[in-house]
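Next come the chains, spelled out residue by residue.
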There are 2 protein chains.
Amino acid sequence: MATEQSKSDISRTRILDAAAKTFRQKGYAATTLNEIAKVADMQAGSLYYHFNSKDELLEEVLDIGINRVHEAVEESQENMPAGASQRERIRAAVDAHLTTLLKHGDYTSASISIFAQIPEEIRQRQIPKRDAFSALWRRILGRAQKAGALRNDVNLSMVRLLLLGALNWSVEWHKPGKTSIHAMTEHVCLMLLDGISTEEGIRGAEVEREEVA
Amino acid sequence: MATEQSKSDISRTRILDAAAKTFRQKGYAATTLNEIAKVADMQAGSLYYHFNSKDELLEEVLDIGINRVHEAVEESQENMPAGASQRERIRAAVDAHLTTLLKHGDYTSASISIFAQIPEEIRQRQIPKRDAFSALWRRILGRAQKAGALRNDVNLSMVRLLLLGALNWSVEWHKPGKTSIHAMTEHVCLMLLDGISTEEGIRGAEVEREEVA
DNA sequence: CCAATTTTCTAATTATCATTAGAAAATTAC
DNA sequence: GTAATTTTCTAATGATAATTAGAAAATTGG
């Protein structure tokens, strides 16, 4: 056997890729095995040599998706130089999250966007994995707050949910090549950390006035 | 005829409510007419007296959903006292958006969360309506920037997309009664306008340290 | 109350789709 | 090269679900 991967492994990956892509585009229920098979360049019946059911295929796609974004964000923190500021740590996490989602993202996008509409049993098994990922973000923000970089008078849970919403929703509008992920990261951090208000705006006393850049 | 609404109108509304609720929970493809009919306390065949197809029913739910949130945000601006600050205007828009989404929200939630997975033809017809709603938000933020309340060096399009993402994603996690919509509005505005960084955090020079509230 | 009309139900019909069984093709090991 | 094994294909099967036609029930106007 010359190749590292068996033929089976190659086909399996091809099927998973096709499934992730199709689930992400059409949702779970609207995706037929025929469609997945066509994208994977196969016949529908052949899928069953590799997976026992459509649900099993779905579950593996979801697992891969949540794992990838979890690992990416985790590594972004581990690879941080010792002296890095909390701001830099948060920026790295945001960037890792967005990059995983938008750049190599069928698995992760699928795992995020079709979650609400999958069979109950599979959803139940996904919840702990999503909770673990939430906990990672909670740690990142919590540490920043403890270090004095974030205000103490905010509800960090709500901040985290809103932040992840802004990040996750980007799969609905991001067009590759149109907006750079780096620019997105910068804007997220600007909003989250500094706000986009001007000094006058913060004081809340501005009046109507013309002022063009 | 004693009642104002004909029996037909009442049934029609009951069906639409049931459809909005079910579409929102299960997605478009996974929702069967049988299920909608059961929620509406009818038989599946009877739906056809009121709607010509599942798609027509879907389209009307989506139309109502996008209209409601559009109108709510628009009214929030029209009802603003003349001297209101830009901050207050933005807060009012955020609050209207969230309230429509989370409080009376099956139609609007459905229109937002299942959009990616509906039949192509219907999606095409929804796009201009969503664009019009986007434009409303663009005007609100653009006016605030022109008035000097928002920094001139931010990409307002990106800010808008991220902001709407944070708002829209809340349908995925908000539990009625658990988090108050008002608190959500406050946090959104705090993040968007002021940022949650401390002064030291903004300067980016903080060091690890214990500091509990 | 009665006839016309509106609304709902019941019982097909048809299409689609996940899944299966067994045959064919491809690959591997010798 | 050939037999064993792995992988894929073809052609059912059975279930589910959208849709329809015509019968029943409810409602309305007189």
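Coordinates for the structure precede this section.
Residues numbered from 1 in each chain as written. Chains lettered and ligands numbered in written order. Predicted model: local features only at pLDDT ≥ 70, side-chain atom pairs only at ≥ 80, totals over all residues. Heavy atoms only, no water.

**A word on helix α7 (residues 120-146) of chain A**
Residues and elements named next belong to chain A.
Then comes step 1: Helix length check: α7 (27 residues) gives 38 Å between terminal C-alpha atoms against 39 Å at 1.5 Å per residue, within 8%.
Then comes step 2: The principal kink in α7, of about 30°, is found at Q126, preceding the proline P128 by one to four residues.
Then comes step 3: The complete set of buried residues in α7 reads I122, R123, Q126, R130, F133, S134, L136, W137, I140, L141, A144 and Q145.
Then comes step 4: If you follow the buried residues of α7, they end up packed against α4 (54-78), α5 (86-102), α6 (106-113) and α8 (156-173).
Then comes step 5: Following α7 by one or two positions, G148 has its phi on the positive side, about 85°. (Helix = DSSP H or I, 4+ residues; strand = E, 2+ residues; numbered from the N terminus. Expected span 1.5 Å × (residues − 1). Bend = angle between axes of the 7 residues up to and from the residue. Buried < 20%, exposed > 50% of the residue type's maximum accessible area, 1.4 Å probe, protein only. Contact = heavy atoms within 4.5 Å.)

**Overview of the protein's contact with DNA strand C**
Then comes step 1: Surveying the vicinity of DNA strand C reveals 18 residues, the closest of which are Y48(A), S8(B), S11(B), Y49(B) and H50(B).
Then comes step 2: Among the atoms of DNA strand C close to the protein, meaning within 4 Å, 78% are from sugar or phosphate groups.
Then comes step 3: At a separation of 3.2 Å, a phosphate oxygen of DNA strand C approaches a polar backbone atom of T31(A).
Then comes step 4: With three residues, helix α1 (residues 7-26) of chain B is the single largest residue contributor to the surface near DNA strand C. (Near = heavy atom within 4 Å. Polar contact = N/O pair within 3.5 Å; in protein donor to acceptor, adjacent residues only side chain to side chain.)

**Details of the packing of α8(A) against helix α9 (residues 181-194) of chain B**
Then comes step 1: Direction vectors running N to C along α8(A) and α9(B) enclose 70°, while the axes themselves pass 10 Å from each other. Between α8(A) and α9(B), the crossing angle belongs to the class labelled roughly perpendicular. Pair α8(A) / α9(B) crosses with right-handed handedness. Counting all contacts with α8(A), which are made through M158(A), V159(A), L162(A) and L163(A), the residues of α9(B) involved are A183(B), M184(B), H187(B), V188(B) and M191(B).
Then comes step 2: A class-by-class count of the residues in the contact of α8(A) with α9(B) yields eight nonpolar, one polar and no charged. (Axes fitted to C-alpha atoms, helices over the stretch in contact; angles between N-to-C directions. Parallel < 35°, antiparallel > 145°, perpendicular 65-115°, else oblique. Left-handed = near helix turned anticlockwise from the far one by under 90°. Nonpolar A, V, L, I, M, F, W, Y, C, P; charged D, E, K, R; others polar.)

**Examining the side chain of R89(B)**
Then comes step 1: Structurally, R89(B) is set in helix α5 (residues 86-102).
Then comes step 2: Within polar-contact distance, the side chain of R89(B) engages the backbone oxygen of A82(B) at 3.4 Å.

**A short note on the interface of chain A and chain B**
Many authors give the size of an interface as the accessible area that is lost as the parts come together.
Then comes step 1: The interface of chain A with chain B comprises 60 residues on the first partner and 61 residues on the second.
Then comes step 2: Between chain A and chain B, a total of about 5,600 Å² is buried, with carbon and sulfur atoms accounting for 61% of that surface.
Then comes step 3: Broken down residue by residue, the surface that chain A buries against chain B is led by L162(A), W169(A) and I196(A), which jointly contribute 14%.
Then comes step 4: Inspection of the chain A/chain B interface yields zero salt bridges.
Then comes step 5: Our enumeration of links across chain A and chain B arrives at 14 residue pairs in polar contact (both at pLDDT 80 or more).
Then comes step 6: Every element with two or more residues in the side of chain A that touches chain B is listed here: α1 (7-26), α5, α6, α7, α8, α9 (181-194) and α10 (199-203) of chain A.
Then comes step 7: Looking at the side of chain A that touches chain B element by element, the count peaks at 11 residues for α8(A).
Then comes step 8: Here the side of chain A that touches chain B is composed, by residue class, of 29 nonpolar, 19 polar and 12 charged. (Buried area = accessible area lost by both parts, 1.4 Å probe. Salt bridge = Lys/Arg side-chain N within 4 Å of Asp/Glu carboxyl O.)

**Regarding α6(A)**
Then comes step 1: In terms of residue burial, α6(A) counts as a mostly covered element, since seven of its eight residues are buried.
Then comes step 2: Listing the buried residues of α6(A) in full gives Y107(A), T108(A), S109(A), A110(A), S111(A), I112(A) and S113(A).

**Some remarks on empty space enclosed by the protein**
Over the atoms a probe the size of a water molecule is rolled, and this reveals where empty space is left.
Then comes step 1: One pass over the full model with this rule turns up seven cavities of 30 Å³ or more.
Then comes step 2: Volume-wise, the largest cavity comes out at about 130 Å³.
Then comes step 3: The wall of the largest cavity is formed by L162(A), L163(A), A166(A), V188(A), M191(A), L192(A), L162(B), L163(B), A166(B), V188(B), M191(B) and L192(B).
Then comes step 4: Among the secondary structure elements, those contributing two or more residues to the lining of the largest cavity are α8 and α9 of chain A together with α8 (156-173) and α9 of chain B. (1 Å grid on protein atoms, 1.4 Å probe; cavity = no way out; pocket = protein on both sides within 12 Å on 5 of 7 lines; lining within 4 Å. Points joined across faces, edges and corners; volume = space filled by probe spheres on them.)

**As for the relation of the copies chain A and chain B**
Then comes step 1: Mapping chain A onto chain B calls for a screw motion: a turn of 180° about the axis and a shift of 0.0 Å along it, with 0.1 Å RMSD after fitting. When the rotation and shift are considered jointly, the pair of chain copies conforms to a two-fold rotation axis.
Then comes step 2: Taken together, the interface assignments show that 100% of the residues at the interface of chain A recur at the interface of chain B, consistent with an identical surface on both copies. (Least-squares fit on C-alpha atoms with pLDDT ≥ 70 in both.)

**Overview of the nonpolar core**
It is characteristic of soluble globular proteins that their nonpolar side chains tend to be buried jointly.
Then comes step 1: Ranked by internal contacts, the top residues of the largest apolar core, which has 78 residues, are V73(A), I90(A), W137(A), V73(B), I90(B) and W137(B).
Then comes step 2: Residues I15(A), A19(A), I114(A) and I118(A) belong to the second largest nonpolar core, which totals 24 residues. (Core = buried A, V, L, I, M, F, W, Y, C linked by side-chain atoms within 4.5 Å.)

**A look at unusual backbone geometry**
With glycine set apart, most residues show a phi of negative sign, and most peptide bonds adopt trans.
Residues and elements named next belong to chain A.
Then comes step 1: Residue D41 is not a glycine yet carries a positive backbone phi of 65°.
Then comes step 2: One can find D41 in the loop between α2 (33-39) and α3 (47-50).
Then comes step 3: Residue class for D41 comes out exposed when judged on its relative accessible area of 65%.

**Considerations on the protein's contact with DNA strand D**
Then comes step 1: Taken together, 18 residues sit near DNA strand D, with S8(A), S11(A), Y49(A), H50(A) and Y48(B) positioned nearest.
Then comes step 2: Of all atoms in DNA strand D that approach within 4 Å of the protein, 78% are sugar or phosphate atoms.
Then comes step 3: A distance of 2.9 Å separates a phosphate oxygen of DNA strand D from a polar backbone atom of Q43(A).
Then comes step 4: Contact distances for DNA strand D include 2.8 Å between a phosphate oxygen and a backbone N or O atom of L33(B).

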